[in-house]
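Take a look at the letters that make up each chain.
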Amino acid sequence: MTGLSDSKDRLSPEKLTQLWEHYKLTGDIDSKNEILLNYGYLVKWIVRRMMPKYNNYNEYDDLVSCGMLGLIDAVDKFELKHEVKFETYAVTRIRGEILDYMRSQDWASPSLRKKISAITAAFETFESKNPGKPVDKDVADSLGMPLEQVHKILSQSHMFNLVNFEDALSSQNPEAEIRSQEENAPEEELLEKEKKQVLAEVIDSLPEKERMVITLYYYEGLLLKEIADMLKVTESRVSQIHSKVLAKMRTKLEKVV
């Protein structure tokens, strides 16, 4: 996956296999800790992708802590007999723990929704007049808001839409997902195929910039900051585009699930 940290410090497959077998057989804490250290990069990568990171609004450490709880849970519950890579299982657990935390936050009060709408409209107005140029400061000035407040609201909007999109995308827990893969459950396969078809139709209908953001984020695994650099816009703008598309896709998915 693009965007993942350098693998040079990770354990070899042979060493990992030995640690897993020893831990599952004996419950050895040192072996477990080595496994956790090896996969800690997953937590940081997921958090960096899920959360826009602005100078004055940063809950990175909180989300990493939640993600580590998910990783610990994944290590405890993963069974070596599963024909699923641990990384696949762990990502679901980590994201689930982080999403639970995000759901507990008040991301979308009526006043926040009103501000999100105003900021989104302002971005579209200023960008139509100044294509390709950063307009964050113009948006903030036009609304009489400090720039850091605009960034904070965009981050909250992104989190709110991400939580709701994830809820619509997956209604299963990790064990159920693994069982359905192992049992090849036809009803689950049909539902997943329908979801993918709906998402593909939505993506195909998007304007070029929105389609590129989604493609780079979900198919290339890039971080929002990396996408912003490629598109020569601010990270907050990429966050706003991503959030807007998530809302569209969530609406479509809710008709399928």
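This is a predicted model, so every value here is computed, not measured. (Residues numbered from 1 in each chain as written. Predicted model: local features only at pLDDT ≥ 70, side-chain atom pairs only at ≥ 80, totals over all residues. Heavy atoms only, no water.)

**A few points about the overall build of the protein**
From N to C terminus, the protein includes 12 helices and zero strands. Ordering the α and β elements of the protein from the N terminus gives α-α-α-α-α-α-α-α-α-α-α-α. Here the protein, with 257 residues, has 46% of them falling under the buried criterion. Restricting to contacts in the protein with at least 6 residues of sequence separation, those with at least 24 account for 70%. Accessible area of the protein: about 13,800 Å², with a carbon and sulfur share of 50%. (Helix = DSSP H or I, 4+ residues; strand = E, 2+ residues; numbered from the N terminus. Buried < 20%, exposed > 50% of the residue type's maximum accessible area, 1.4 Å probe, protein only. Contact = heavy atoms within 4.5 Å. Areas by Shrake-Rupley, 256 points an atom, 1.4 Å probe, with all protein chains shown as cover.)

**Remarks on the layout of surface pockets**
Looking at the second largest pocket, its volume works out to about 210 Å³. For the lining of the second largest pocket, the class distribution of residues is four nonpolar, five polar and three charged. (1 Å grid on protein atoms, 1.4 Å probe; cavity = no way out; pocket = protein on both sides within 12 Å on 5 of 7 lines; lining within 4 Å. Points joined across faces, edges and corners; volume = space filled by probe spheres on them. Nonpolar A, V, L, I, M, F, W, Y, C, P; charged D, E, K, R; others polar.)

**Structural notes on the environment of Glu201**
Structurally, the position occupied by Glu201 is in helix H9 (residues 186-204). Exposure remark for Glu201: the relative accessible area of 47% places this residue in the partly exposed category. The sequence separation of Glu201 and Lys252 amounts to 51 residues, and the corresponding C-alpha distance is 9.7 Å.

**Remarks on unusual backbone geometry**
Backbone geometry places Lys232, a non-glycine residue, at a positive phi of 60°. We classify Lys232 as exposed; its relative accessible area is 65%.

**Re the nonpolar core**
Judged by nonpolar contacts, the single largest core of 59 residues is most densely connected at Tyr39, Leu71, Phe86, Ile98, Met102 and Met249. The element best represented in this core is helix H2 (residues 29-50), accounting for 10 residues. Sequence-distant contacts of Phe86, defined by excluding residues within four places in its chain, comprise Trp20, Tyr39, Leu71, Ala74, Val75 and Phe78. (Core = buried A, V, L, I, M, F, W, Y, C linked by side-chain atoms within 4.5 Å.)

**What to know about the environment of Tyr60**
On the secondary structure map, Tyr60 appears in helix H3 (residues 60-77). Distance in space between the C-alpha atoms of Tyr60 and Met50 is 10.0 Å, their sequence separation being 10 residues.

**What about the confidence of the model for the protein?**
For the protein, per-residue confidence averages 81 on the pLDDT scale, and 81% of positions sit at 70 or higher. Taken element by element, the predicted model of the protein shows its lowest mean pLDDT in helix H8 (residues 174-183) (50) and its highest in helix H1 (residues 13-26) (94). (pLDDT = per-residue confidence, 0-100.)

**Remarks on the packing of aromatic side chains**
Considering all chains together, one arrives at seven aromatic pairs under this definition. A cation over a ring is seen here: Arg10 above Tyr41, with NZ or CZ 3.6 Å from the ring centre. Here Arg49 stacks its cationic end above the ring of Tyr217, 4.0 Å away from the centre of that ring. (Phe/Tyr/Trp six-rings, centres within 6.5 Å; stacked < 30°, edge-to-face > 60°. Lys NZ or Arg CZ within 6 Å of the ring centre and 35° of its normal.)

**Structural notes on the packing of helix H5 (residues 110-129) against helix H12 (residues 235-253)**
The packing of two helices is summarised by the inter-axis angle and the distance between the axes. Remark: H5 packs on H12, axes separated minimally by 11 Å, with the N-to-C direction vectors making an angle of 120°. Considering only the axes of H5 and H12, their crossing is left-handed. Along its contact with H5, which presents Thr120, Phe123, Glu124 and Glu127, the element H12 presents Ser236, Arg237, Gln240 and Lys244. Split into classes, the residues belonging to the contact of H5 with H12 amount to one nonpolar, three polar and four charged. (Axes fitted to C-alpha atoms, helices over the stretch in contact; angles between N-to-C directions. Left-handed = near helix turned anticlockwise from the far one by under 90°.)

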